[in-house]
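# Coordinate inspection notes
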Amino acid sequence: MTQRNGIRGTSDRCLHSEASMVREHANGTKVHEVIDCESEEGGQGGENRDSVAVMGAVTAPDGGWGWVVLVATIMVLALTLAFPSCVGIFYTDLQNEFHATNSETSWVPSIMTSALHAGGPFCSVLVERLGCRATVMLGGVLSGLGMAASSFTRSITELYITAGVITGLGFCFSFQPAVTILGHYFVRRRVFANAMSSTGTALGLCTLPFLGNYLHTELGWRGSFLVLGAVLLNCCVCGAVMRPLEAPKHRGQPLMNHGPPPPEVDVRKEKGRVRTIWSCLVASLSKHMAFDQLRNNSRYCVYAIGITWMMLGFVVPLVYLVPYATANNMEQGRAALLLSILGIVNILVRPPFGIMFNLPWFKGRHIYVFASALLVNGLSNSICCIGPSFSVLLTYVTIYGLSMSVVGSLMFTVLMDIVEMSRFPSALGLLAIMESVTLLIGPPLAGILVDRTGQYFHVFFACSAVVASSAVFLMVSFCWLDKRDRKSSKQGQPSTLPDPARPAVDVAPGCQYSSVPTEGDKDKASANGAEYITSL
């Protein structure tokens, strides 16, 4: 957050603010800038214009059409994030069809999940060029075509390309812009909005296993993949309603674009084409990959390392739960029911968790709640080692689902607490790249473990150790960082926590906003007579 003085009062109902900000230059002169914000109520995009305003910005509605965007985001997450976990229903058929081992078959959901995360930088470029709405729709088309093409594959390698790479990239292009634009539509209610959107994953886990099991019974795995490809095209419908937040027309450019112009590169002065290409590549990486955050923001660095290690074992139990149950003589329908129960638990508890975590007491404590839930989630995997009976696995999915709800509700919220929203897309993109490495190797490593031992419960035990250790790492690291900052404050020194970088780059079209201060921020600012706003 950035601190700015002289902010006028704001209305919680309209969320419309006109702020006069004073910038003091080195020579003591002051420059006044007026921000005229557009508010949208009930999805009608009403405008309140002032003739003295010289530049326009966009106010986060925190409601209105934002609720429609929230529902669309829930549907996108249901069709993308939950989908790789449901491939386990077709696991045995794929093994028999292509005569593949556990390790070879597990590469299908592994590549799909890895591509979902690794495509972050490409997605960031598309969002900048096309906007969030068009990118989500493009992802829907790509994922639908990928799954449809998978039904015609003749080898496991072809399935890696169609279901893994193509479908996974389509998921990425739909998922990340949906989360990004939701963060621009909601500021005061951001924690609640993120928690509600995370129910999309639970909704997918609840419905997709039933749908997949029904299609598998009626059509086989090839017909199922073809129908599921058509289902994924609904991401296009969801993307169509994610209309961009736009500044009032003919008012000049938003405030964020009125900084000093970026230095122009004269190609003629370059010594060669290679150097020019290298300069463009470095500039693009700096813009779309938050390496500055990884280098200067210690909290983001710790969080990225912890999440990357966590992903090595976080999604593996969802891939191997159904094969583990069916290998121990459980019916396919009852095994798929376990995933659906997991989804139902998430749907029931995530909304109240979202309301609870939005309370003022949790402000600044999100990371500790997140790490504690992650620890419970990791330890719960050891329950599967007790036995493969339905009652034991039912207890497991219940505890796993409760802890997974907290983790899913707070994962993006913690990241938004750590970095500025102007750097959130690039920070998410870099984190996704790091996650993709462990997501790629996790299921195949588990498959090798199954092939070597012949037992599935070793997989759950290994996942328990990995996820629990990542939770302990996050908890200890953030405790140390908080202690260091408190010690610096007591000594009268500036906090060692670096202010998230604000590079002079344009935000993606359709994702610009200017928000009002939250209640917690107002309370903090009252002591020094200043108010805090999140502003892009």
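One can find the structure itself at the top, above this paragraph.
The structure presented is a predicted model; accordingly, all values stated were derived computationally and were not measured.

On to unusual backbone geometry. The phi torsion of most residues other than glycine is negative, and most of the peptide bonds are trans. For H99, which is not glycine, the phi torsion reads 50° and is therefore positive. Here H99 lies in the loop between α2 (91-98) and α3 (102-118). On the basis of relative accessibility, which here comes to 71%, the residue H99 falls in the exposed class. Located in the positive-phi region is N329, a residue other than glycine, with phi close to 65°. Inspection of the secondary structure assignment puts N329 in the loop between α12 (316-327) and α13 (332-357).

Our focus in this paragraph is the pattern of salt bridges. Applying the stated criterion to the full structure yields 4 salt bridges. Close ionic contact of R222 with E97 constitutes a salt bridge, the shortest N to O distance being 3.2 Å. Taken as a pair, R222 in helix α7 (residues 190-232) and E97 in helix α2 lie far apart in primary sequence, 125 residues in all. Given the relative accessible area of 36%, E97 is considered partly exposed. Residues R299 and D485 are paired through a salt bridge, measuring 2.8 Å at the closest nitrogen-oxygen approach. With a gap of 186 residues between them, R299 in helix α11 (residues 298-314) and D485 in helix α17 (residues 457-490) connect regions that are remote in the sequence. Taken together, the shared-partner salt bridges in this structure form one network comprising R299, D482, R484 and D485.

As a further point, take the nonpolar core. Residues Y303, F314, Y320, F370 and L374 are the most contacted members of the largest nonpolar core, which totals 103 residues. With 16 residues, helix α15 (residues 390-418) is the single largest residue contributor to this core. If we skip the residues at most four places from it in the chain, F370 touches Y303, I307, V407, L410, M411, V414 and L474.

About the cut-offs
- Residues numbered from 1 in each chain as written.
- Predicted model: local features only at pLDDT ≥ 70, side-chain atom pairs only at ≥ 80, totals over all residues.
- Heavy atoms only, no water.
- Helix = DSSP H or I, 4+ residues; strand = E, 2+ residues; numbered from the N terminus.
- Buried < 20%, exposed > 50% of the residue type's maximum accessible area, 1.4 Å probe, protein only.
- Salt bridge = Lys/Arg side-chain N within 4 Å of Asp/Glu carboxyl O.
- Core = buried A, V, L, I, M, F, W, Y, C linked by side-chain atoms within 4.5 Å.
- Contact = heavy atoms within 4.5 Å.

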